[in-house]
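Notes for the structure review
Okay, here's what each chain looks like letter by letter:
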Amino acid sequence: MKLTSALRISTRLPVLQVVKMAVAVALAWIVSQLLLPNELPIFAAIAALLVVQPSVNQTLGRAIERTAGVIGGVIIASTIGFFLGQSSWVVLGTIVVSILVAWALRLSPVSASQIPISAMLVLALGATTPGYALDRIFETFIGAGIALIINALIVPPVLIAPARDAVGLLAREVADTFVRIAQALRAPQSPVDLMELMIKARLLRPMLVKAEKAIAQAEESLMLNPRKAKLRLALDADHEMIGRLPTLVTRAIGMTRALHDHYDASLQFEPSVQAFSEELARAAHDLRLLARTEGDFTVAPEPPAPEVLALTAPLRIVTPHPDHWILIGSLMEDLRRVREEIVGDRA
């Protein structure tokens, strides 16, 4: 099972990316044969095969890494071969030098591995193949360039929808957390209920990490994408929403923790607590309104509501019982910060 899992992945590559790889390899092969005196342009095909990535930006980065690695390896091998010849010990020494150069320059893994490979091939095959070093550079340029063009022209993927879904799901889960806290303040809670509330609140952290990662992936998919201008507005809305959510997540977890640690069954009889629970429910409602995006069918329909946000004037606090004032004060401060994030009034 371990061997199988090491060889196979849980999901296949998208069919479109496989098609792009095949087209890029075929075109790189044909173009190299037309432009270079080489019947088997395997290095152009290798470059095209390895450079095609899910996004245009990633493809450009891989093309630069591979081309830089090939050029660096050719330069090192040509220099050492000119002065020391091409014996087996020279080839071995060149490989070691190439590895050290890549390490000293802090090159990426692709470039770091490509430099010694290119240096080794230049010294091992260059002596029997005139012009091998230059042909290897030209083939790499052709393969990488064609891969970049193909990936840019054939429906470059955009990851706007996954980002929108992740951000919307997180916002609605934060709103649900606010509702659960409000309900917990209105009715008696058992230790099991409080623990369940705490566990659900803690799940907001990994959801936030996932949403931020989805936003970063969407941003990367738009870089150098021909459709960038049309899709930018949707991603900008997600950027604005994800800017609010870290504070809301922190406040939601903080309120849940305070309730878990300082809960008292008599809390439901505090007038301030009842008013607070109503405001927290309104905050949840307003957050759901902000999370709505056009075309997002994952949002559950809600009854008609005013277009304006439901948050009302500041609460009128009645002096609480001495055993409750720490919890109530903590909840009120968290609610204030929640309101600031939702209405956009950040001091």
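Further up the page is the structure itself.
All values derive from a computational prediction rather than experimental measurement.

Definitions and cut-offs
Position numbers for residues start from 1 in each chain and track the written sequence from start to end. Only residues with pLDDT of at least 70 get local features here, since the model is predicted, and only at 80 or more are side-chain atom pairs given and counted; chain-wide, interface and lining totals rely on the full set of residues. Heavy atoms throughout the structure, all of them, feed into the side-chain values; hydrogens and water do not. Secondary structure elements are taken from DSSP: a helix is a run of H or I of four residues or more, a strand is a run of E of two residues or more, and numbering for both begins at the N terminus. Only protein chains enter the calculation, and the probe is 1.4 Å; a residue is then buried if its accessible area is under 20% of its type maximum, exposed if over 50%, and partly exposed in between. Only the protein chains shown count as cover for residues, with accessible areas throughout obtained via the Shrake-Rupley method and a probe of 1.4 Å. All axes are obtained by fitting lines to C-alpha atoms, using only the stretch in contact for helices, and the reported angles, taken between N-to-C directions, cover 0 to 180 degrees. Angular relationships are summarised with four words: roughly parallel below 35 degrees, roughly antiparallel beyond 145, roughly perpendicular across 65 to 115, and oblique for the angles in between. For any pair of crossing helices, the crossing counts as left-handed if the nearer helix is rotated counterclockwise from the farther one by less than a right angle, and right-handed if it is rotated clockwise. Contacts are assigned to residue pairs that have any heavy atoms within 4.5 Å of one another. As a working rule, the residues Ala, Val, Leu, Ile, Met, Phe, Trp, Tyr, Cys and Pro are called nonpolar, Asp, Glu, Lys and Arg charged, and the rest polar, with Gly in that last group. Should a side-chain nitrogen of Lys or Arg be within 4 Å of a carboxyl oxygen of Asp or Glu, the pair is scored as a salt bridge. Here the nonpolar core consists of buried residues drawn from Ala, Val, Leu, Ile, Met, Phe, Trp, Tyr and Cys, with membership extended through side-chain atoms lying within 4.5 Å. A helix is expected to span 1.5 Å for every residue after the first. Directions drawn from the helix axis to the C-beta atoms are what define this arc.

Regarding its fold elements, the chain presents 13 helices and zero strands. The helix and strand sequence of the chain, counted from the amino end, reads α-α-α-α-α-α-α-α-α-α-α-α-α. Expressed as a percentage of its 347 residues, the buried residues of the chain come to 40%. Counting only carbon and sulfur atoms, one obtains 67% of the accessible surface of the chain, whose full area is about 19200 Å².

The subject of this paragraph is the packing of helix α8 (residues 160-186) against helix α9 (residues 191-202). Between α8 and α9, whose axes approach to 11 Å, the crossing angle comes to 165°. Classified by the angle between their axes, α8 and α9 sit roughly antiparallel to one another. Considering the relative orientation of α8 and α9, their crossing is left-handed. Residues Thr177, Arg180, Ile181 and Ala184 of α8 lie in contact with α9, whose contacting residues are Leu197, Lys200 and Ala201. In terms of residue class, the contact of α8 with α9 is built from four nonpolar, one polar and two charged.

Attention now moves to unusual backbone geometry. Positive phi values are uncommon outside glycine, yet Arg106 reaches one of about 55°. With respect to the helices and strands, the residue Arg106 is situated in the loop between α5 (88-104) and α6 (109-125). On the basis of relative accessible area, Arg106 is assigned to the exposed category, the value being 79%.

Quick look at the packing of α8 against helix α10 (residues 204-222) now. With their axes 8 Å apart at the nearest point, α8 and α10 run at an angle of 155° to one another. Taken together, the axes of α8 and α10 lie roughly antiparallel to each other. The two elements α8 and α10 meet at a crossing, and its hand is left-handed. Where α8 abuts α10, its residues Ile160, Pro162, Ala163, Ala166, Val167, Leu169, Leu170, Glu173, Val174 and Thr177 lie against Leu204, Met207, Leu208, Ala211, Ala214, Ile215, Ala218 and Leu222. When grouped by side-chain class, the residues that make up the contact of α8 with α10 number 16 nonpolar, one polar and one charged.

Our next topic: the environment of Ser221. Relative to the elements of secondary structure, Ser221 occurs in helix α10. Setting aside residues no more than four positions away along its own chain, Ser221 makes contact with Ser55, Pro157, Val158 and Leu159.

Once their charged atoms are close, side chains differing in charge can pair, the charge on each being opposite to the other. What the rule picks out here adds up to ten salt bridges. For the salt bridge of Lys200 with Glu196, the shortest nitrogen-to-oxygen distance reads 3.2 Å. Taken as a pair, Lys200 and Glu196 lie in helix α9 at a separation of four residues, close to a single helical turn. On the basis of relative accessibility, which here comes to 31%, the residue Lys200 falls in the partly exposed class. Between Arg336 and Glu340 there is a salt bridge, with its nearest N and O atoms 2.5 Å apart. In this pair, Arg336 and Glu340 are both assigned in helix α13 (residues 325-343), four residues apart and thus about one turn of the helix distant. When salt bridges with common partners are traced through the structure, they connect Arg336, Arg337 and Glu340 into a single cluster.

So, on to the nonpolar core. Of all hydrophobic cores here, the largest spans 47 residues; its most connected members are Val174, Phe178 and Leu245. Of all the secondary structure elements, the ones that give two or more residues to this core are α8, α9, α10, α11 (228-262), α12 (271-291) and α13. The leading source of residues in this core is α8, at 13 residues. Those residues within four positions of Phe178 in sequence are excluded, and the remaining contacts are Leu248, Ala252, Met255, Leu280, Ala284, Leu287 and Val338. In terms of nonpolar packing, the next biggest core, distinct from the first, is built from 17 residues, Phe43, Val70, Val91 and Ile115 among them.

Turning to the environment of Ala102, a few remarks are in order. Within the secondary structure layout, Ala102 lies in helix α5. Those residues in contact with Ala102 that sit more than four places away from it in its chain are Leu107, Ala112 and Ile115.

For Ile80, the location among the structural elements is in helix α4 (residues 56-84). With relative accessibility at 17%, the residue Ile80 sits in the buried group. When residues no more than four places from it in sequence are discounted, the contact partners of Ile80 are Gly85, Val90, Thr94 and Val97.

Relative to the 16 Å expected for twelve residues at 1.5 Å per residue, α9 spans 17 Å between its end C-alpha atoms, a close match to the ideal helical length. Among the residues making up α9, those that are buried are Leu194, Leu197, Met198 and Ala201. The arc enclosing the buried residues of α9, seen along the axis, measures out at 95°, which places them on a common side.

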